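Results of the structural survey
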Amino acid sequence: MSFMDPLTRQKARDIDRRATDELGIPSILLMENAGRGVVDVLLSREATPHTAFILCGKGNNGGDGFVIARHLAIRGVTAKVALLAPPSELSGDALTNHRILEHSKIPVVNLSQAEDLNHALDKEAASSDWLVDALLGTGAEGEPREPYRTTIEWINRQDAKRLAVDVPSGLDCDSGQPASSTVRADLTCTFVAPKIGFGNPAAAEYLGELHVVDIGIPPNSSG
């Protein structure tokens, strides 16, 4: 299998597992490569961001968002992170990268308990010209729950450009079927290879421009 063959949810998991268990690549290095690769794509575009608002969930997709925020800041972009899950629910590599942000000067706001989430998002995003969707990854299925549903609908109402990390939140990566609340991305940076659901015509209006990001796994390791 070539890495450009579309991946199912399970195949994507298997590739990550093999990279860690068989090749010895630490999972946190894969996350670092993923986040930095997204920033490389974003900053290679004509309309590069001056300010970016990165919206993060509690899983590895959120962890990717934390890395993205750090590398944007390193390269001169004003970055702010909104966390839509309690920090106590973070674990593993996502927790490690959240702690790194806590020791940096990159602002992280916890909006998981916001009484008026729309108002809080409006206030914190200010005049950001790019929004980064790092809410839900390939593992998510079905309708997004709160506070993700409200956040996704807020994202879609904004004038800013929208970047989806790996898969637009709300889009099923296997079937390509969008939930009733699905991020409409201008740009999707997916990892390793396109996901099989991206071939569904229903997915096209949510993906926007699609870029495949290399995260450092040799192609012949896919099995």
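Computed from a predicted structure; not experimentally measured.

So, on to the overall build of the protein. Scanning the protein for helices and strands turns up 7 helices and 7 strands. Along the protein, helices and strands appear, N-terminal first, in the series α-α-β-α-β-α-β-α-β-α-β-β-α-β. On C-alpha atoms alone, the protein measures out to a radius of gyration of 16 Å, which is about the 17 Å that the 2.2 N^0.38 rule sets for 223 residues. Its C-alpha atoms give the protein principal-axis dimensions of roughly 45 × 40 × 35 Å.

Another aspect to go through is the sheet that holds strand E5 (residues 161-165). Pairing is parallel in the open sheet, where 7 strands are placed in the order E3-E2-E1-E4-E5-E6-E7. The open sheet terminates on both sides in strands that have one partner only, identified here as strand E3 (108-110) and strand E7 (209-213). For this sheet, the mean inter-axis angle between neighbouring strands, taken without regard to orientation, is 20 degrees. Relative to E3, strand E2 (residues 78-83) is paired through 3 bridges, and the arrangement is parallel. Pairing of Leu83 across the sheet is with Asn110, part of E3. Along the sheet, helix H3 (residues 60-74) makes contact with strand E1 (51-56), E2, strand E4 (130-134), E5 and strand E6 (187-191), crossing E1 at roughly 160 degrees. Running at roughly 145 degrees to E1, helix H5 (residues 117-125) makes contact with E1, E2 and E3 of the sheet.

Moving on, we get to the pairing of E5. Among the 5 residues in E5, 4 count as buried, and that is most of the element. Note: E4 against E5, 4 bridges, orientation parallel. Bridge pairing in E5 links Leu131 to Arg162. By the bridge criterion, 3 bridges tie E5 to E6 in an arrangement that is parallel. The residue bridging Leu163 from the neighbouring strand is Leu187, located in E6.

With that out of the way, let us pick up the packing of helix H2 (residues 27-43) against helix H4 (residues 92-102). Two quantities define a packed helix pair, namely the angle between the helix axes and the distance between the axes. Running from N to C, H2 and H4 point in directions that differ by 60 degrees, and their axes come no closer than 9 Å. Classified by the interaxial angle, the pair formed by H2 and H4 is oblique. Helix-helix and strand crossings are classified by hand; for H2 and H4 the assignment is right-handed. From H2, Ser27, Ile28, Met31 and Glu32 reach across to H4, where they touch Asp93, Ala94, Thr96 and Asn97. Here the residues of the contact of H2 with H4 sort into 3 nonpolar, 3 polar and 2 charged.

Parameters and conventions
- In this convention, every chain numbers its residues from 1, walking through the sequence in written order.
- Per-residue local features are limited, in this predicted model, to residues with pLDDT of at least 70; the limit for side-chain atom pairs, both in listing and counting, is 80 or more; totals at the level of whole chains, interfaces and linings are taken over all residues.
- Processing note: side-chain calculations cover all non-hydrogen atoms of the structure and skip hydrogens and water entirely.
- Strands are runs of DSSP state E lasting at least 2 residues, helices are runs of H or I lasting at least 4, and numbering of each runs from the N terminus.
- Atoms counted for the radius of gyration: C-alpha only. Globule rule: 2.2 Å times residue count to the power 0.38.
- The rule for pairing is simple: two strands pair if DSSP sees at least two bridges between them.
- Between N-to-C directions, angles span 0 to 180 degrees; the directions come from axes that are lines fitted to C-alpha atoms, helices contributing only their stretch in contact.
- Every residue pair with non-hydrogen atoms within 4.5 Å of one another is taken to be in contact.
- The buried label applies to any residue whose accessible area, calculated with a 1.4 Å probe on protein chains only, is under 20% of its type's maximum; exposed applies above 50%, and partly exposed to all values in between.
- Our angle categories are set so that under 35 degrees counts as roughly parallel, over 145 as roughly antiparallel, 65 to 115 as roughly perpendicular, and the remainder as oblique.
- Left-handed describes a crossing whose near helix is turned anticlockwise from the far helix by less than a right angle; the clockwise case is right-handed.
- Following the grouping adopted for this structure description, the nonpolar residues are Ala, Val, Leu, Ile, Met, Phe, Trp, Tyr, Cys and Pro, the charged ones are Asp, Glu, Lys and Arg, and the polar ones are all others, Gly among them.

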